Amino acid sequence: MSVPPRKVPPRKLPGARFLPARLGPKAAEDEDGRVQGDGGGLSLRAMLPNAVTAAALCSGLTGIRFAIDAQWGYAVALVVLAGVLDGIDGRIARLLNAQSRFGAELDSLADSLSFGVAPALILFLWSLQDLPRFGWFAALAFAICCALRLARFNARIDMDNQPHKSAGFLTGVPAPVGAGLAFTPFYLWHETGYALFRDPVLMTAWLTVIAVLMISNMATLSWAALRPRRAIRIGLIAVIGLAFAALLLEPWWTLAAISISYLALMPYGLVKYGRIKRRRRLDAKAAAAQPPEQGAAHP
């Protein structure tokens, strides 16, 4: 009597059970960051979004080179350009259906360098080096908090229970926005020339506050949370067009206005999310108090 061959389960790599099936952030955190595994490697159509991510990385790191030469305007502008490129690479990947595990990891590393390390070094060379001990600690705190934020986002990417994301909000200030906010004193100093905006004590406190906002658990607005009424959408398009023109003509004033407007809208985001939380709590209580359906089968 023949014995059927015993089925041998496929071998697993050590630690494979700890790896999620999908992983990785997108360029914009209000997008779905889960991506399929690469399988056969990087596809040809995935090269374009990854090339844009690499360009964003080069732009952010080149800003450090200009900061070493004390060309502050070029240094900050290149980090801002990295933020623009970072905002479109994920959308290009979605349009091409080219999300990949490789691209997700590259995007995360590029964000950490372009929006954590590069702004910290630029601001240290611009102002914080006049307060070397505490200034360097503030620069380190900013870079570390940026890396921690990205790590937290990666860790939560496959979690089903994400109250902020399900309501159209983000958790904390996104890394590109944090870099833009960190440069706000520079925008004002470049246009006004006031030495106060370059004061190392002020910059140390400012950079520390932005670092804390990046890793905070507070709900912040995202594009998904903005729902302009139909009556103002045409006017809003005109305002966006004028803002783009202002960015070309008066870039530093415009960037300062954008940063201040974002900070001013943060309390509005907290209030709006608080309303959503209360509505969810009332819905949960109503669902729990609802009597069972009539005619349900009894065991």
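Residues numbered from 1 in each chain as written. Predicted model: local features only at pLDDT ≥ 70, side-chain atom pairs only at ≥ 80, totals over all residues. Heavy atoms only, no water.

Draft legend 1. Layout of the packing of helix H1 (residues 47-68) against helix H3 (residues 101-126). Where H1 meets H3, the axes come as close as 9 Å, and the angle between the chain directions of the two elements is 15 degrees. Relative to H3, the element H1 is oriented roughly parallel. Classified by chirality, the crossing of H3 by H1 is left-handed. Residues Asn50, Thr53, Ala56, Leu57, Gly60, Leu61, Gly63, Ile64, Ala67 and Ile68 of H1 form the contact with H3, whose own contacting residues are Phe102, Gly103, Leu106, Asp107, Ala110, Leu113, Ser114, Ala118, Leu121, Ile122 and Leu125. (Axes fitted to C-alpha atoms, helices over the stretch in contact; angles between N-to-C directions. Helix = DSSP H or I, 4+ residues; strand = E, 2+ residues; numbered from the N terminus. Parallel < 35°, antiparallel > 145°, perpendicular 65-115°, else oblique. Left-handed = near helix turned anticlockwise from the far one by under 90°. Contact = heavy atoms within 4.5 Å.)

Draft legend 2. Seen up close, the pattern of salt bridges. Taken as a whole and judged by the stated rule, the model has 1 salt bridge. One salt bridge in this structure joins Arg65 and Asp69, with 3.8 Å as the shortest N-O distance. Since its relative accessible area comes to 47%, Arg65 is described here as partly exposed. Given a relative accessible area of 40%, Asp69 falls into the partly exposed group. (Salt bridge = Lys/Arg side-chain N within 4 Å of Asp/Glu carboxyl O. Buried < 20%, exposed > 50% of the residue type's maximum accessible area, 1.4 Å probe, protein only.)

Draft legend 3. How the structure looks around a nonpolar patch on the surface. A contiguous nonpolar patch, built from Phe134, Trp136, Phe137, Leu140, Ile144, Leu148 and Ile215 and spanning about 680 Å² of accessible area, is present on the exposed surface. Counting residues per element, the nonpolar patch draws most heavily on helix H4 (residues 132-155), at 6 residues. Counting through the fold element by element, Phe137 comes out in helix H4. (Patch = residues over 30% accessible without salt bridge, like charges linked within 9 Å, V, L, I, M, F, W, Y side chains within 5 Å. Areas by Shrake-Rupley, 256 points an atom, 1.4 Å probe, with all protein chains shown as cover.)

Draft legend 4. Highlighting unusual backbone geometry. Positive phi is not limited to glycine here, since Ala70 has a value of about 65 degrees. Its location among the elements puts Ala70 in the loop between H1 and helix H2 (72-95). For Ala70, a relative accessible area of 44% corresponds to the partly exposed category.

Draft legend 5. Quick look at the nonpolar core. Grouped together as the largest cluster of nonpolar side chains are 48 residues, with contacts concentrated most on Phe142, Phe186 and Tyr187. Counting only elements with at least two residues in this core, the list comes to H1, H2, H3, H4, helix H6 (175-182), helix H7 (184-192), helix H8 (200-215) and helix H10 (251-289). Tyr187 has contacts with Val76, Val80, Gly180, Trp252, Leu255, Ala256 and Ser259, leaving out every residue within four places of it along the chain. Formed by 5 residues, the second largest nonpolar core is a distinct cluster that contains Phe169, Ala219, Leu221 and Ile276. (Core = buried A, V, L, I, M, F, W, Y, C linked by side-chain atoms within 4.5 Å.)

Draft legend 6. Main features of the packing of H4 against H6. Here H4 crosses H6 at 160 degrees, and the two axes come no closer than 10 Å. By the angle class used here, H4 and H6 are roughly antiparallel. Our pair here, H4 against H6, has a crossing hand that is right-handed. Along the contact surface, H4 presents Phe142, Cys146 and Arg149, while H6 presents Ala175, Gly178, Ala179 and Ala182. Partitioned by chemical class, the residues of the contact of H4 with H6 number 5 nonpolar, 1 polar and 1 charged. (Nonpolar A, V, L, I, M, F, W, Y, C, P; charged D, E, K, R; others polar.)

Draft legend 7. Quick look at the packing of aromatic side chains. Evaluated as defined, the whole model comprises 8 aromatic pairs. Taking the centre distance of 5.5 Å and the plane angle of 80 degrees together, the rings of Trp126 and Phe186 count as edge-to-face. Remark: Phe186 occurs in helix H7 and Trp126 occurs in helix H3; sequence separation between them is 60 residues. When sorted by exposure, Trp126 lands in the same class as Phe186, which is buried. Residues Tyr187 and Trp252 carry aromatic rings whose centres are separated by 6.0 Å and whose planes lie at 25 degrees to one another, so their mutual orientation is stacked. With Tyr187 in helix H7 and Trp252 in helix H10, the pair connects residues that are 65 residues apart, well separated along the chain. Trp252 shares its class with Tyr187; the two are buried. Chaining the aromatic ring pairs together yields one cluster made of Trp126, Phe186, Tyr187, Trp189 and Trp252. Sitting over the face of the ring of Phe66, Arg65 holds its NZ or CZ atom 4.9 Å from the ring centroid. (Phe/Tyr/Trp six-rings, centres within 6.5 Å; stacked < 30°, edge-to-face > 60°. Lys NZ or Arg CZ within 6 Å of the ring centre and 35° of its normal.)

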